[in-house]
Amino acid sequence: MRESQLRYSTLAKISPVGIYRCDCSANLLYVNQRWCDITGYSLERVINQGWRETIYSQDKSRVEAQVKHTLEQKTPLECEFRFQRPDDTVVWVLAQSVPEFNADGVLIGHVGTITDITNQKQSEKALRESEQRFRSTFEQAAVGICHADTNGKFVRVNQKLCDILGYSRSELLKRSFQEITYADDLQSDLNQVRNLLAGKIQNFSMEKRYICKNGRVIWTEITVSVIRQANSEGDYFLGVIKDISQRKQAQTQLLLRAQKQEELNILLTQTANQLRKRNSELDQFAYVASHDLKAPLRAIANLSQWLEDDLSEALEPENQRHLELLRQRVYRMEALIDGLLQYSRIGRVKNAQEKVDVNLLLAQIIDELAPEGFNIEIKGNMPTLTTKSILLRRVFTNLIDNAITHHNSPCGNIEISVKDKGECYEFCVSDDGEGISPQYHDKIFVIFQTLQARDKKENMGVGLSIVKKILETEGAKITVDSDIDKGASFRFTWHK
């Protein structure tokens, strides 16, 4: 007996599980050291004490019911529950016990073991949470997701895929991806699947068409990989399917638009070539017409001058005035032809850009116009910029000449100023003439429009229209600020 007890004691000490004995009232009669290590209670604290107080409160009623049933039925106990350790930590255990009887067959208690299964329970909890996250992600994903066996049969699909294809979940699980793949796309899909199963590729993505339940064909973008399992369940495919029908429709529309744009570009190129040809012909015609029209005009002017010189003593003053008026009309006609020629060339003739000192440019223009009796003042520091010098010169020349020509007296003041407007300059040409009524501010920029009769003042009505056309062609603008007896200020912008 002593040897038997010694062997039992030695076995209990080295056992990896907790060992205990209790009487029929559940008072602990014996626990080994491993039992103490698992529960956190010392031998002195639990011997001859009930074990119920050490059980976690939420598990107590369930364990007591199982123990009661075991005692009544005199059957073994197997139960998972938690111990509440003295430091308030919790440990999961698997308790297993068998009834103990005396020599007379009377139940005297139980002998059992407890095994620490805390790590197992934590692993099971983590696995449950992981599975829950997977299911949530699988079902709530914004794209279709499916699992298919190596034969292509669907084994799991989410609701989004059902929505995309128009099938119910049960209907899809009876089909394979081959059955609903558009025929023209099936072979390339199968080739990729074979490479995937052979290990030649890790995954693949492609655009393919599916046939929906209602027969409609939709474009999708799929990404497929193979999940290889270590257990005997077999490998399966993981597929992610995104509906790209709208994108494909947009691409088709863009392609059609690109084709139309290309056709339009060809047409525009042809039209541009024709326009260049017509412009060249127009330039040639304008020069020829200008030359052919000016030649007889000069002859008329010369003949009238010769007649006046030869008959100066015989001509009445009235006749001399008529000959002078004839020459003025000829000169007006020549000026009109020159104006039309300039107007027709604006925007069609390329002008080279060069560095322009506006101070120097204005000095040259004033010197060329030689305005006797007029004081022209340049206010501020005029800029130097790289621009189309010929066009800027023509704008200034016409505005200054306009201020001189339409002044109501043979002498006056003209002021030229500039303001920096960021991306452009704003130039202003102001005079102290008789001014222009606001109701005529738009009319003065229309070609051939004049505010005074041509018999009263020689004017072709072309100068300001040329200015406006040049500025509009260069993306600039011009405004006038004037009223009767208040002079006129013409402001125009010019890009830096």
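Refer to the preceding data block for the structure.
Owing to the predicted nature of the structure, the values given are computational and were not obtained by experimental measurement.

Novice: How should I be thinking about unusual backbone geometry in this particular structure?
Specialist: Across the chain, the bulk of peptide bonds are trans and the bulk of non-glycine residues have phi less than zero. One non-glycine residue with positive phi stands out, namely Lys74, at about 55 degrees. When you line up the elements, Lys74 lands in the loop between α4 (57-73) and β3 (77-84). Here Lys74 falls in the partly exposed class, since its relative accessible area comes to 45%.

Novice: Would you explain the sheet that holds strand β1 (residues 18-23) in this entry?
Specialist: Two pairing modes exist for strands in a sheet, parallel and antiparallel, and in both the strands are linked by backbone hydrogen bonds. Pairing in this open sheet of 5 strands is antiparallel, and the strands run β2-β1-β5-β4-β3 from one edge to the other. If you trace the sheet from one side to the other, it starts and ends with β2 (28-31) and β3, each paired once. Pairs of neighbouring strands in the sheet enclose a mean axial angle of 25 degrees, with direction left out of account. As judged from the 6 bridges shared by β1 and strand β5 (residues 107-116), these two strands associate in the antiparallel manner. Among the inter-strand pairings, Ile19 is bridged to a residue of β5, identified as Thr113. On top of the sheet, α4 reaches β3, β4 (90-101) and β5; it is set at about 150 degrees to β3, its chief contact.

Novice: In this structure, what is going on with the pattern of salt bridges? I would like to understand it.
Specialist: Opposite charge on two side chains permits them to pair, given that their charged atoms come into close proximity. Tallying each qualifying case throughout the model produces 19 salt bridges. With a closest N to O distance of 2.8 Å, Arg82 and Asp59 form a salt bridge. Here Asp59 lies in helix α4 and Arg82 lies in strand β3, a separation of 23 residues in the sequence. Note that Glu415 is salt-bridged to Lys379, the shortest N-O span being 4.0 Å. With Glu415 in strand β14 (residues 412-420) and Lys379 in the loop between β12 (374-378) and β13 (384-387), this residue pair connects regions lying 36 residues apart in the sequence.

Novice: So what exactly am I meant to see when it comes to the pairing of strand β9 (residues 217-227) here?
Specialist: Every regular strand shows the same layout, with side chains that alternate between the two sheet faces. The pairing of strand β8 (residues 203-211) with β9 spans 9 bridges and is classified as antiparallel. Looking across to β9, one finds that Arg209 is bridged to Trp219. Between β8 and β9, which pair antiparallel and follow one another directly, the connecting turn spans 5 residues, one of which, Gly215, has a positive phi of 90 degrees. Examined bridge by bridge, β9 and strand β10 (residues 236-243) share 8 bridges and lie antiparallel to one another. Bridged to Glu221 within β10 is Lys242.

Novice: What is the right way to look at the environment of Tyr41 in this model?
Specialist: Mapped onto the fold, Tyr41 is located in the loop between α2 (33-39) and α3 (43-46). For the pair Tyr41 and Asp87, spaced 46 residues apart in the sequence, the C-alpha separation amounts to 9.9 Å. Leave out the neighbours within four places in its chain, and Tyr41 touches Trp35, Cys36, Val46, Thr54, Gln84, Arg85 and Pro86. Looking at Tyr41, its side chain comes within polar contact range of the main-chain oxygen of Gln84, at 2.8 Å.

Novice: Where do I start with the packing of helix α13 (residues 389-405) against helix α14 (residues 463-473) in this structure?
Specialist: The description of two helices packed together rests on the angle between their axes and the distance between the axes. Here α13 crosses α14 at 150 degrees, and the two axes come no closer than 9 Å. When the axis of α13 is compared with that of α14, the two are roughly antiparallel. Seen from above, α13 lies across α14 with left-handed handedness. Only Gly463, Leu464, Ile466, Val467, Ile470 and Leu471 of α14 make contact with α13, whose side of the interface consists of Leu391, Arg394, Val395, Asn398, Leu399 and Asn402. Across the contact of α13 with α14, the residue classes tally to 8 nonpolar, 3 polar and 1 charged.

Calculation rules
- All chains use their own residue numbering, which begins from 1 and follows the written sequence.
- Note on the predicted model: pLDDT of at least 70 is required for a residue's local features to be given, and 80 or more for side-chain atom pairs to be given and counted; whole-chain, interface and lining totals, by contrast, use all residues.
- The basis for every side-chain value is the complete set of non-hydrogen atoms in the structure, without hydrogens or water.
- A run of H or I in DSSP becomes a helix once it reaches four residues, and a run of E becomes a strand once it reaches two; helices and strands are each numbered from the N terminus.
- Partly exposed describes any residue whose relative accessible area lies between the buried limit of under 20% and the exposed limit of over 50%, with all areas from a 1.4 Å probe on protein chains only and scaled to the type maximum.
- We treat two strands as partners when DSSP finds at least two bridges between them.
- Structural elements are reduced to axes, namely lines fitted to C-alpha atoms, with helices fitted over the stretch in contact, and the angle between N-to-C directions of any two is expressed from 0 to 180 degrees.
- Whether two residues touch is decided by their heavy atoms; if any such pair falls within 4.5 Å, the residues are in contact.
- A pairing counts as a salt bridge when a side-chain nitrogen of Lys or Arg comes within 4 Å of a carboxyl oxygen of Asp or Glu.
- Here a polar contact is taken to be a pair of N or O atoms separated by no more than 3.5 Å, where protein atoms must pair a possible hydrogen donor with a possible acceptor and residues adjacent in sequence count only if both atoms sit in side chains.
- Here is the rule for angles: anything less than 35 degrees is roughly parallel, anything more than 145 is roughly antiparallel, 65 through 115 is roughly perpendicular, and the remaining ranges are oblique.
- In this scheme, a crossing is called left-handed if the near helix is turned counterclockwise away from the far one by less than a right angle; it is called right-handed if the turn is clockwise.
- When residue character is reported, Ala, Val, Leu, Ile, Met, Phe, Trp, Tyr, Cys and Pro are called nonpolar, Asp, Glu, Lys and Arg charged, and the others, Gly included, polar.

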